[in-house]
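# Coordinate analysis (summary)
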Amino acid sequence: MAKQETAEASAPTRNPALLSWVRDMAALCKPDRVVWCDGSEEERVRLTEYAVETGVLIPLNQKKRPGCYLHRSNPNDVARVEHLTFICTPSKDEAGPTNNWMEPGEAYSKLTKLFDGSMKDRTLYVVPYLMGPVGSPLAKVGIELTDSVYVALNMRIMTRMGKQALDLLGNHSDFNRGLHCTGDLNPERRYICHFPQDNTIWSFGSGYGGNALLGKKCLALRIGSYLGRTEGWFAEHMLILGVESPDGQTTYVAGAFPSACGKTNFAMLIPPKRFAGWKVWTVGDDIAWMRVGKDGRLWAVNPENGYFGVAPGTNFASNPNAMATIAKDTIFTNVAMTKDGDVWWEGMDGPVPDELIDWQGRPWKKGCQEKAAHPNSRFTAPMNNNPALSRAVNDPDGVPISAIIFGGRRATTVPLVLQSFNWGHGVFLGATLGSETTAAATGKVGVVRRDPMAMLPFTGYNMGQYLQHWLQMQTKIPYPPKIFQVNWFRKSKDGKFLWPGFGENMRVLKWIVDRSHVRVGGQETLLGWVPKAGDLDLSGLDIPSELVDEATSISTQEWKEELQSQGEFFELLGKHAPEALQLQRKLLLARLS
Ligand code: SAT
Ligand code: MN
């Protein structure tokens, strides 16, 4: 108790609701110490030193990568765990058929037992943080209590952490209550529980990414989407970028793609030579919060402050801006280390080194069958390092969105780009998004699953009602963005990608931007509007035109199968599957036959 009182005396707030909650949670977890984080540079140095002393962080070569550290997670804790993620609403119906559900009382009592005494001999860090730009009407305060110095240091990069959050909170009690304990990392005792009605998150037994950095998927998406529905806005798994044309006009676009489908690359795209004078600015690479502005348009902010990006495949060709972003002050997780203390992963520039230390700390030799870096290894980097960071990123109003893009990873069926006929049809395109699974979540990689708006693992309530919310928002947005679907990942019969992707995606992006300003042609097909010959700028593109034709082709047979699978998904959604979307499917079926 004496320790508790000292901690409180040194707390940088007198907010009674906050102090009493921290007191209660500390009484439950019984840490040795309670440390309040203020987000200062002095604190970063102190926590980093402690993390290095305790082996949580390994300093990298400070000449090559100043301020950079490597973290190796437990090999059983390397991705989000969807089967252990729960939405704890009073009724199962509120969580819906696509979420795991636990009754709140049961969840609290189960996890209370796990948290009880779980921080013995450990420090409890109180991490106050802000999601969203300071002064934004959408900004939300969260407090994460964690026993992980790694989490505290990552939250410092990923959110606006410390004093600014406490200042905004003042004496209010409406903050997100996040409790996180690494526990003993036993997957049998791992739970990520969300209590939307209580604005509360309890996460036990994992130290990894979206399981542990509670501001990201847990607050900004799962709790955020729940709040968005009640309050009339959108919390979406979307990047936000600005496309500046040579005449200086910037058009903002938001895009939803499932985890590890190249969102960070797209958000940091550098236009190819042909597009001299064009520039892409990053507002966000993962999450968009969007509300209707006074002018009747949809305005978006990026609630985050940094990037938690996939390392493998990132290189100077695929994403030069990311390479610049991770040159300093970055925490790497589960990448390989070179002999001179730099980082390495599969798909990095240059020759494969002869020898490495792999992501588990074991010696690795060139030619070894196992990957040196984990496929879901990550970098946590401050957005201010990004050379293409949009000037609007801290604007409390955000940026006006002219186009929304839905994209999945599909080897067949889905053409390179489509524009929806209207808002309802656009919601249908998003709702039926399918993607082959990736390493970002535990489970089988490469099977197609329906992932509406790339939100399947991140919608904090009933998916049918979430889609209904999308449909209903139409009446609240006088000047809605145009909606598009893209697929960069279509393959030929012999398994090769048909579209070069990366910077060349600028060609598709330009068509999207021009369409949203109604200044380029298109052609109506069964599926939606597509560029007709000549509309897509292909000049200087060094691939045979037959490949582009194949990437944009539509196969009736494939679409019949697709509609079958979409129908199964609507069935799974049950009684909340919006009628308007079912009708869209029936209309398409009619057009196809
Ligand atoms: O681990 S995270 O959920 O933060 C990353 C991702 O799945 O996109
Ligand atoms: Mn993501």
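Residues numbered from 1 in each chain as written. Chains lettered and ligands numbered in written order. Predicted model: local features only at pLDDT ≥ 70, side-chain atom pairs only at ≥ 80, totals over all residues. Heavy atoms only, no water.

So, on to the overall build of the protein. If you tally the helices and strands in the protein, you get 17 helices and 31 strands. Taken against the 2.2 N^0.38 rule, which gives 25 Å for 593 residues, the C-alpha radius of gyration of the protein at 24 Å falls within 12% of a compact globule. Counting only C-alpha atoms and orienting by the principal axes, one finds that the protein spans roughly 75 × 55 × 45 Å. Buried residues in the protein amount to 61% of all 593 residues. For the protein, contacts bridging at least 24 residues in sequence account for 73% of all contacts bridging at least 6. (Helix = DSSP H or I, 4+ residues; strand = E, 2+ residues; numbered from the N terminus. Rg over C-alpha atoms; globule rule 2.2 N^0.38 Å. Buried < 20%, exposed > 50% of the residue type's maximum accessible area, 1.4 Å probe, protein only. Contact = heavy atoms within 4.5 Å.)

Looking at the manganese ion (ligand 2), the protein donor atoms are Lys-217 (NZ), His-237 (NE2) and Asp-286 (OD), and they sit 2.0 to 2.2 Å from it. Donor residues for the manganese ion (ligand 2), ordered by position in the chain, follow K-x19-H-x48-D. Taken together, the residues span a long stretch of sequence, with Lys-217 in helix 9 (residues 215-231) and His-237 in the loop between strand 12 (234-236) and strand 13 (238-244) at a distance of 20 residues. Each member of the pair, Lys-217 as well as His-237, is classed as buried. (Donors = N, O, S within 2.8 Å, 3.2 Å for Na, K, Ca; no water.)

Time to look at the site of ligand 1. If you check the shell around ligand 1, you find Arg-80, Gly-209, Gly-210, Lys-216, Lys-217, Ser-259, Phe-308, Arg-378 and Ala-440 and nothing else. Ser-259 has a polar side-chain atom sitting 2.9 Å from an oxygen atom of ligand 1. Burial of ligand 1 by the surrounding chains reaches 98%, relative to a free accessible area of 250 Å². Sorting the residues of the shell around ligand 1 by element identifies helix 8 (209-212) and helix 9 as the ones contributing at least two each. Across the shell around ligand 1, the residue classes break down as 2 nonpolar, 3 polar and 4 charged. (Near = heavy atom within 4 Å. Polar contact = N/O pair within 3.5 Å; in protein donor to acceptor, adjacent residues only side chain to side chain. Areas by Shrake-Rupley, 256 points an atom, 1.4 Å probe, with all protein chains shown as cover. Nonpolar A, V, L, I, M, F, W, Y, C, P; charged D, E, K, R; others polar.)

This part covers helix 5 (residues 104-115). Spanning 12 residues, helix 5 covers 16 Å between terminal C-alpha atoms, matching the ideal 16 Å at 1.5 Å per step. Of the residues making up helix 5, those classed as buried are Pro-104, Ala-107, Leu-111, Leu-114 and Phe-115. In a view along the axis of helix 5, the buried residues occupy a sector of 90 degrees, so they form one face of it. Looking at the buried residues of helix 5, the elements they touch are helix 2 (16-29), strand 9 (176-181), strand 10 (191-195) and strand 11 (200-204). (Expected span 1.5 Å × (residues − 1). Arc of directions from axis to C-beta.)

Moving on, we come to the sheet that holds strand 24 (residues 378-382). Strand order in the open sheet formed by 5 strands is 2-3-19-24-18, with mixed pairing between adjacent strands. Taken across any chain shown, the strands that pair with only one partner, and hence form the sheet edges, are strand 2 (58-59) and strand 18 (306-310). Where strand 2 lies against strand 3 (residues 69-71), 2 bridges are found, and the strand directions are antiparallel. Its bridge partner lying in strand 3, Ile-58 is registered against Leu-70. (Pairing = 2+ DSSP bridges.)

On to the packing of helix 3 (residues 41-53) against helix 6 (residues 149-158). Relative to each other, helix 3 and helix 6 sit at 145 degrees, their axes nearing to 10 Å. Handedness of the crossing formed by helix 3 with helix 6: left-handed. Judged by residue contacts, Glu-41, Arg-44, Leu-47, Thr-48, Tyr-50 and Ala-51 of helix 3 engage Val-149, Ala-152, Leu-153 and Arg-156 from helix 6. Residue composition of the contact of helix 3 with helix 6, by class: 6 nonpolar, 1 polar and 3 charged. (Axes fitted to C-alpha atoms, helices over the stretch in contact; angles between N-to-C directions. Left-handed = near helix turned anticlockwise from the far one by under 90°.)

Attention shifts here to the domain arrangement of the protein. Per the domain assignment, the segments making up the protein are domain 1 (16-57 + 79-232), domain 2 (235-305 + 390-592) and domain 3 (307-383). When each unit is reduced to the centre of its C-alpha atoms, the spacing between domain 1 and domain 2 is 31 Å. Taken residue by residue, the interface counts 40 residues in domain 1 and 40 residues in domain 2. Interface area, domain 1 with domain 2, both sides summed: about 3400 Å², of which 55% is carbon and sulfur. The salt bridge partner of Asp-93 is Lys-575, with a shortest N-O separation of 3.7 Å. At the boundary of domain 1 with domain 2, the tally comes to 23 residue pairs in polar contact (both at pLDDT 80 or more). Only helix 4 (92-95), strand 6 (123-131), helix 6 and helix 9 provide two or more residues apiece to the side of domain 1 that touches domain 2. Per element, the largest residue contribution to the side of domain 1 that touches domain 2 is 10 residues, and it comes from helix 9. Taken together, the residues of the side of domain 1 that touches domain 2 break down into 18 nonpolar, 11 polar and 11 charged. (Domains from an automatic or database assignment. Buried area = accessible area lost by both parts, 1.4 Å probe. Salt bridge = Lys/Arg side-chain N within 4 Å of Asp/Glu carboxyl O.)

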